[in-house]
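Residue-level structure breakdown
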Amino acid sequence: EMILSAAFPHTGSDGLIDSSFLFWSVLGRLTSKESSLKSPLVHAYTKEDDTGIKTFQLAKKAAALFDDYMAYRPRMLLNWQKGTGTDKLNDPHALWQAQLWNSIVERKSQNHPAWQADQFLTRPLEEFSMPGILPARLSFFGISALPPLFLDLFNRISSFTDINMFVLAPTDGFFLDMKSDRERLKAGVNNDVLSESDLFVEQMNPLLASFGQQGRNYFSRLETYDYHEPVPDLFGDPAQEKHGMLA
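Predicted model, so just to flag it, every value in this text is computed and none were measured. (Residues numbered from 1 in each chain as written. Predicted model: local features only at pLDDT ≥ 70, side-chain atom pairs only at ≥ 80, totals over all residues. Heavy atoms only, no water.)

Moving on to the overall build of the protein. Per the secondary structure count, the protein includes 12 helices and two strands. Mapped in sequence order, the helices and strands of the protein form the string α-α-α-α-α-α-α-β-α-β-α-α-α-α. The buried share among the 247 residues of the protein stands at 34%. A fraction of 77% describes how many contacts in the protein between residues 6 or more apart in sequence connect residues 24 or more apart. Carbon and sulfur atoms form 53% of the exposed surface of the protein, whose accessible area is close to 16,900 Å². (Helix = DSSP H or I, 4+ residues; strand = E, 2+ residues; numbered from the N terminus. Buried < 20%, exposed > 50% of the residue type's maximum accessible area, 1.4 Å probe, protein only. Contact = heavy atoms within 4.5 Å. Areas by Shrake-Rupley, 256 points an atom, 1.4 Å probe, with all protein chains shown as cover.)

With that out of the way, let us pick up the pairing of strand 2 (residues 162–166). The pairing of strand 1 (residues 137–141) with strand 2 spans five bridges and is classified as parallel. Paired with Ser139 across the bridge in strand 2 is Asn164. On the question of chirality, the crossover connecting strand 1 to the parallel strand 2 by way of helix 8 (residues 148–157) is right-handed. (Pairing = 2+ DSSP bridges. Right-handed = clockwise from strand over helix to strand, strands pointing away.)

Here the focus is the nonpolar core. Of all hydrophobic cores here, the largest spans 28 residues; its most connected members are Ile3, Phe120, Met130, Leu151 and Ile157. Broken down by element, the residue count for this core peaks at five residues, all from helix 8. Look past the residues within four positions of Ile3 in its chain and what remains in contact with it is Phe120, Met130, Leu134, Leu153, Phe154 and Ile157. Phe23, Val26, Trp80 and Ile104 belong to the second largest nonpolar core, which has 25 residues in total. (Core = buried A, V, L, I, M, F, W, Y, C linked by side-chain atoms within 4.5 Å.)

End to end, helix 6 (residues 92–104) covers 19 Å across 13 residues, agreeing with the expected 18 Å (1.5 Å per residue, within 8%). Taken as a whole, helix 6 has its buried residues at Ala94, Trp96, Gln97, Ala98, Leu100, Trp101, Ser103 and Ile104. Along its buried surface, helix 6 packs onto helix 2 (19–31), helix 3 (40–46), helix 4 (53–72) and helix 5 (74–82). (Expected span 1.5 Å × (residues − 1).)

Under the defined criterion, the tally for this structure stands at three salt bridges. Of the charged contacts in the structure, one is a salt bridge between Asp118 and Arg75, with a shortest N-O distance of 2.5 Å. Residue Asp118 is found in helix 7 (residues 113–122), and its partner Arg75 is found in helix 5; the two are separated by 43 residues along the sequence. The salt bridge involving Arg221 is made with Asp152; its shortest N-O contact spans 2.7 Å. (Salt bridge = Lys/Arg side-chain N within 4 Å of Asp/Glu carboxyl O.)

This is the structure we're talking about:
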C-alpha cells in the first residue's frame, strides 16, 4: 500500500479500497432490497436468515476473498471489471462474485490495489514521481512467502530503492523441481503416462520435497529477478563443524 500510495497520491479522500470498505460494501449489497445482485445461491443461503448471522458471515467471507484476490489474482478482478472472462466461468459462485465485485468498484474503479498495481507495472516509470518519497532502503527478514504481485512491485522500485530480502533457504542445493511423494502419486493418478521427470526421485531429505508448493513457488519467483547477492555462501555443513547444536 505504501508503494501504491506514493505512485498515486491523488487517489482521493476515500483512499484505497481495503478490507473494511469491502466488508461494509458487501454487507450493504446483501441486505439492500434494491441490490442488483441476483444470485439464486446467495438468495437460498440468506432467505431464512432472521437473525442476520448468515448474511454477516457471508459478507465477512466474501470481503476476505476479494482482499485475497487483489493480492493473488489481480488479473481476474481486472477482467471482471472490463466485462471479460465471466462468460467462460462455469462455477456459479464465481459468477455472483464477479457481479458483486463490479457493483462494489463501480464508483471507485481506479481506487483498488489490483488496478493501481497494474498501471504502475505497465506504464513507464518516469510517469510516477517516486524517488524521494519512498525510503532509500527496504529490508525484509525471514518471510517464507509473498504474493507474486508484491514481488513485482518491489522489483519495479528497485531502480531507486534498495530492496534487501533476507530469506531462509532449506538447502544450498537446487530443490525447486523436487516433488513430494504425494505430488508424484497425484501425477500418476491424473496421467496415464508418467513423464521422465515424474519418475525421477532425487535422494534428498523427504522433508525438503515436502517444503510446500507455495514455498517453492516463492523461491522460483525470486530467481526470475535480476538480483545481487553480496554475501558469500552462508551455509555450514554440520558434519564439518566441531560442535553440534546439542553439544
